[in-house]
Amino acid sequence: MVGIGFRKDFAEDFLSSNTLSPSFIEVAPENWMGVGGFWKKELQKALEKYPLYTHGLSLSIGSPDPIDLQFLKQVKSFLKENNAQIYSEHLSYSKCDNAHLYDLLPIPFTQEAVQHVAQRIQQVQDFLERKIAIEIVSYYTPLAPEMSELYFVNAILSEAKCDLLLDVNNIYVNSFNHQYNPYEFIDGLNLKNTAYIHMAGHRKVSDDLIIDTHGEAIIDPVYDLFAYTMKKLKKDVPVLLERDFNIPELSELQNEMNLLQKIKNEALNPVRYAFA
Ligand SMILES: [Fe+2]
């Protein structure tokens, strides 16, 4: 299964033609909760055809502030009303002292943060009465690390008993910016509870910096890392094509989705495809 992020920029085109045929759509609950009128109808039209996956933006799981339960209550209703298959969020924080920072900031890789974040993920899972999938974010400066990123992520996955949203492009971007081997990172990551995969494009802005833009096509080294990841996973995990900016013709997005499906099929059925 390969899905697409449902964006207002192309919603009308998407719903009025058959150019794009995803297996599911993804939205950020925050962008659609409480929305009425025309856009509510557009979302309902999409949900009549496609199952819903969700990717939250403002839970701020790493924040020192208490979880906003009023907000979470709205998320819970939205997930239930629209039969969301997955609720995922970022392993980051975007709020501090009750102020929205409008960015996904990295959490320090410390033992204290592991306990803090794992406890908060459990609190969210208990409140929502479902598991959530947590995404490793792209980051540009590690904050006072006491441990490696890999150790930090694995510790949270095991303490929180949550699922993993593996954004393969984020792993590639981080490995480039922080100079490690992305294949070794995937080898060391606890993939057991991988529930969801993201794939996206990025922009290389200098010889030693990539910015995770979601505004370009996926590049070959990220497809290669995706193929490697699928072979390790050995199970059919849903994959999302993230494209938030600089939206091309829908046929181009469909070509990318077809390629993702092809790579996935070949990775999961190597013998069948070798002789096809
Ligand atoms: Fe992502």
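Structure: see above.
These numbers were taken from a predicted model, which means no experiment stands behind them.

Draft legend 1. Main features of the overall build of the protein. Check the secondary structure of the protein and you find eleven helices and twelve strands. Taking 2.2 N^0.38 as the reference for a compact globule, 276 residues should give roughly 19 Å; the C-alpha atoms of the protein span a radius of gyration of 18 Å, in line with that estimate. For the protein, the spread of C-alpha atoms along the principal axes amounts to about 50 × 45 × 35 Å. When the 276 residues of the protein are sorted by exposure, 53% land in the buried category. Relative to all contacts within the protein whose residues are 6 or more apart in sequence, the contacts with residues 24 or more apart total 79%. Of the accessible surface of the protein, which amounts to about 13000 Å², a share of 50% is contributed by carbon and sulfur atoms. Computed over 25 positive and 37 negative side-chain charges, the separation of the two mean positions in the protein equals 8 Å.

Draft legend 2. Up close: the coordination of the iron ion. On the protein side, the iron ion has Glu135 (OE), Asp167 (OD), His198 (ND1) and Glu242 (OE) as donor atoms, found 2.0 to 2.5 Å from it. The sequence pattern formed by the donor residues of the iron ion is E-x31-D-x30-H-x43-E. Of this pair, Asp167 sits in strand β8 (residues 163–167) while His198 sits in strand β9 (residues 194–200); the two residues are 31 residues apart in sequence, bridging distant segments of the chain. The pair Asp167 / His198 is uniform in exposure class, with both members buried.

Draft legend 3. A negative patch on the surface, seen in detail. On the surface, a cluster of negative charge is contributed by Glu12, Asp13, Glu249 and Glu252. Taking relative accessible area as the criterion, Glu249 reaches 57% and is therefore assigned exposed.

Draft legend 4. Structural view of the sheet that holds strand β2 (residues 25–27). An order of β1-β2-β3-β4-β7-β8-β9-β12 is seen for the eight strands of this closed barrel, with the pairing classed as parallel. Averaged over neighbouring strand pairs, the angle between their axes works out to 30° when direction is ignored. Direction of pairing for β2 relative to strand β3 (residues 52–55): parallel, over a ladder of three bridges. Bridge pairing in β3 links Glu26 to Tyr53.

Draft legend 5. Spotlight on the nonpolar core. Among the nonpolar cores identified, the biggest contains 80 residues, and Phe6, Ile25, Phe152, Ile197 and Met199 are the most heavily contacted of them. In this structure, Phe24, Leu165, Tyr196 and Leu240 belong to the second largest nonpolar core, which totals eight residues.

Draft legend 6. Up close: the pattern of salt bridges. Counting across every chain of the model gives nine salt bridges. Note that Lys45 and Glu42 form a salt bridge whose closest N and O atoms lie 2.9 Å from each other. With a gap of three residues between them, Lys45 and Glu42 both fall in helix α3 (residues 37–49), about one helical turn apart. The class of Glu42 is buried, set by a relative accessible area of 3%. Residue Arg203 is joined to Glu216 by a salt bridge in which the shortest nitrogen-to-oxygen separation is 3.3 Å. Placement of the pair is Arg203 in strand β10 (residues 203–206) and Glu216 in the loop between β11 (209–211) and α9 (220–233), with a sequence separation of 13 residues.

Draft legend 7. How the structure looks around the environment of Leu157. For Leu157, the location among the structural elements is in helix α6 (residues 149–160). Through-space distance from the C-alpha of Leu157 to that of Tyr50 is 29 Å; in sequence the pair is 107 residues apart. Excluding its chain neighbours within four sequence positions, the residues that come into contact with Leu157 are Cys162, Asp163, Leu164 and Asn190.

Reading the values: the criteria
Residues numbered from 1 in each chain as written. Predicted model: local features only at pLDDT ≥ 70, side-chain atom pairs only at ≥ 80, totals over all residues. Heavy atoms only, no water. Helix = DSSP H or I, 4+ residues; strand = E, 2+ residues; numbered from the N terminus. Rg over C-alpha atoms; globule rule 2.2 N^0.38 Å. Buried < 20%, exposed > 50% of the residue type's maximum accessible area, 1.4 Å probe, protein only. Contact = heavy atoms within 4.5 Å. Areas by Shrake-Rupley, 256 points an atom, 1.4 Å probe, with all protein chains shown as cover. Lys, Arg positive; Asp, Glu negative; His and termini not counted. Charge placed at Lys NZ, Arg CZ, Asp CG, Glu CD. Donors = N, O, S within 2.8 Å, 3.2 Å for Na, K, Ca; no water. Patch = residues over 30% accessible without salt bridge, like charges linked within 9 Å, V, L, I, M, F, W, Y side chains within 5 Å. Salt bridge = Lys/Arg side-chain N within 4 Å of Asp/Glu carboxyl O. Pairing = 2+ DSSP bridges. Axes fitted to C-alpha atoms, helices over the stretch in contact; angles between N-to-C directions. Core = buried A, V, L, I, M, F, W, Y, C linked by side-chain atoms within 4.5 Å.

Interpretation note: all reported values are geometric properties and have no functional meaning in isolation.
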